[in-house]
Amino acid sequence: MSGIGIAVVGVKGMGKGHIEAIKKVPGLELRGVCDVVEAEAKAAGEAYKVAAYTDHVKMLEADEKIRAVAIATPHWFHPKIAIDCAKRKVHVLTEKPMSVTVGDADKMIAAHKKAKTVLAVVYQHRFAPMNALAHKMIREGQLGRIHRVLLIETCCRSNAYYASGAWRATWRGEGGGVLLNQAPHALDMLQWITGLMPKEIYALNETAMHKIEVEDRASALLRYAGGAVGYLHVSTTETPNQGRIEIFGDKGLLVIEGDGLRFAKLDQPMAEFIAKTDKVWGRPQHEWTDLTPTLVKPEKTGHEAVFADFAEAIANKRPPLVTGPDGRNSVELANAMILSSQTGKPVKLPVARAAYERLIKKLVAKSKKRA
Ligand SMILES: NC(=O)c1ccc[n+]([C@@H]2O[C@H](COP(=O)([O-])OP(=O)(O)OC[C@H]3O[C@@H](n4cnc5c(N)ncnc54)[C@H](O)[C@@H]3O)[C@@H](O)[C@H]2O)c1
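Scoring rules and cut-offs
- Residues numbered from 1 in each chain as written.
- Predicted model: local features only at pLDDT ≥ 70, side-chain atom pairs only at ≥ 80, totals over all residues.
- Helix = DSSP H or I, 4+ residues; strand = E, 2+ residues; numbered from the N terminus.
- Buried ≥ 20, exposed ≤ 12 C-beta atoms within 10 Å, placed from the backbone.
- Pairing = 2+ DSSP bridges.
- Axes fitted to C-alpha atoms, helices over the stretch in contact; angles between N-to-C directions.
- Contact = placed C-beta atoms within 7 Å.
- Expected span 1.5 Å × (residues − 1).

**A short note on unusual backbone geometry**
Part 1: With an omega dihedral of -20°, the bond running from Lys96 to Pro97 counts as a cis peptide bond.
Part 2: Considering the arrangement of structural elements, one finds Pro97 in the loop between strand S5 (91–94) and helix H5 (102–115).
Part 3: The linkage connecting Leu349 with the following residue, Pro350, adopts the cis geometry, with an omega of -5°.
Part 4: You will see that Lys317, though not glycine, has its phi angle at about 50°, which is positive.
Part 5: Overall, the presence of 9 C-beta atoms within 10 Å leaves Lys317 in the exposed class.

**Thoughts on the sheet that holds strand S2 (residues 28–34)**
Part 1: The sheet built from 6 strands is open, its strands ordered S3-S2-S1-S4-S5-S6 with parallel pairing. The open sheet is flanked by strand S3 (51–53) and strand S6 (119–121), the only strands paired with a single partner. Across the sheet, the mean angle separating the axes of adjacent strands is 25° when strand polarity is ignored.
Part 2: Where S2 and S3 come together, 3 bridges link them in parallel fashion. Paired with Val33 across the bridge in S3 is Ala52.
Part 3: Set on the sheet, helix H10 (residues 302–315) makes contact with strand S1 (4–9), S2, strand S4 (68–71), S5 and S6; between it and S1 the angle comes to about 135°.

**Description of H10**
Part 1: Between its first and last C-alpha, H10 extends 20 Å over 14 residues, near the 20 Å set by a 1.5 Å rise per residue.
Part 2: Taken residue by residue, H10 has His303, Ala305, Val306, Phe307, Asp309, Phe310, Ala311, Ala313 and Ile314 as its buried positions.
Part 3: Looking at the buried residues of H10, the elements they touch are S1, helix H1 (14–24), S2, S4, S5 and S6.
Part 4: Backbone geometry just downstream of H10 places Lys317 in the positive-phi region, at approximately 50°.

**Some words on the sheet that holds strand S9 (residues 217–223)**
Part 1: Taken together, 9 strands build an open sheet; the order of strands is S14-S13-S12-S11-S7-S10-S9-S8-S15 and the sheet is mixed. Each edge of the sheet is formed by a strand with only one pairing partner; in this case those strands are strand S14 (286–290) and strand S15 (347–348).
Part 2: Direction of pairing for strand S7 (residues 146–156) relative to strand S10 (residues 229–235): parallel, over a ladder of 7 bridges. Bridged to Arg148 within S10 is Val229.
Part 3: Running over the sheet, helix H8 (residues 184–194) touches S7, S10 and strand S11 (237–249) and is turned about 160° from S7.
Part 4: Against the sheet, helix H11 (residues 324–343) touches strand S8 (200–206), S9 and S15, its axis set at about 70° to S8.

Rendered as structure tokens:
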């Protein structure tokens, strides 16, 4: 039996990666490609010997064997394409971020809930063994109650990179900067591994080093309902790239850095020690364990793992690893930071949908078109 018929919408950059991943998943069969730029659609159609389209709705109407669509267009187009698919009972795997605004993410989730179709979001780092183990350790209670989190995710992008696509780094074309493009993976990791979303965010976003209208550097203070605090910094203005998450819980400190995972286990819970010790200069003893050597390389990683999970979710009628509501959390964090920085005030989560729509409309109206 051939696999589930799938088409890719947006085939210039990431879309090609989608096609390559689909070819490796036996449960999927590539049936079509679509791109508003006819030359891109044609080239991909010829290269992969499938029908090529320039309009996703016409594509769905032309081939009823397309039961799933993977979206790799610029972010603003994800919601409309995903909702058009839901209306035709077509399952969707959308690239990150699933939308520019949380309000649009709500609409995508509602449309697929109504259609009873799978809506999945590409967050391939969830399949990386160190992230999966960190997620599991927290679920198992190995850290106890979380007191503090830290996220640093930095990389380097040049003005030439931003100029490589007219949509990039503009409010009109992208709806944000590092928070909407490079940081969503890290934001997703932070919320997925901890299982926590802050109740309030105070952010400072800046355009520090690039000739762009959106943020290339964003910092924030986070407050959580259970009393935990967090600090976050993401940017496209540094090298060497840094990827670091620290989670300090009552029972120890977990550090994810690069491809490594380390845990400092305390011999006594922090809160208990502080309350009960009579030692003036005492502290709980700790032992570091480098968990990196214990990580087992999974059979599939990256987009191949994401597409395999998507295919199984459809075939077995089970949720994908990253559902619509899961995918929305990183958009919620990014929107909260943009709203906070633009207003200069702390923002409560969930983000007020109407306030964010008003803000982004204003920013888009002022947005300059790239040459
Ligand atoms: N998961 C990851 O690690 C990862 C990596 C890179 C990009 N992405 C995401 O993939 C998406 C695309 O990024 P990219 O770098 O491939 O962009 P890109 O500019 O290289 O390609 C986007 C393509 O979409 C086409 N397109 C635009 N609107 C369309 C529409 N309405 N219908 C059909 N085609 C349309 C464009 O013509 C273009 O060919 C973004 O949302 C980005 O965040 C994810």
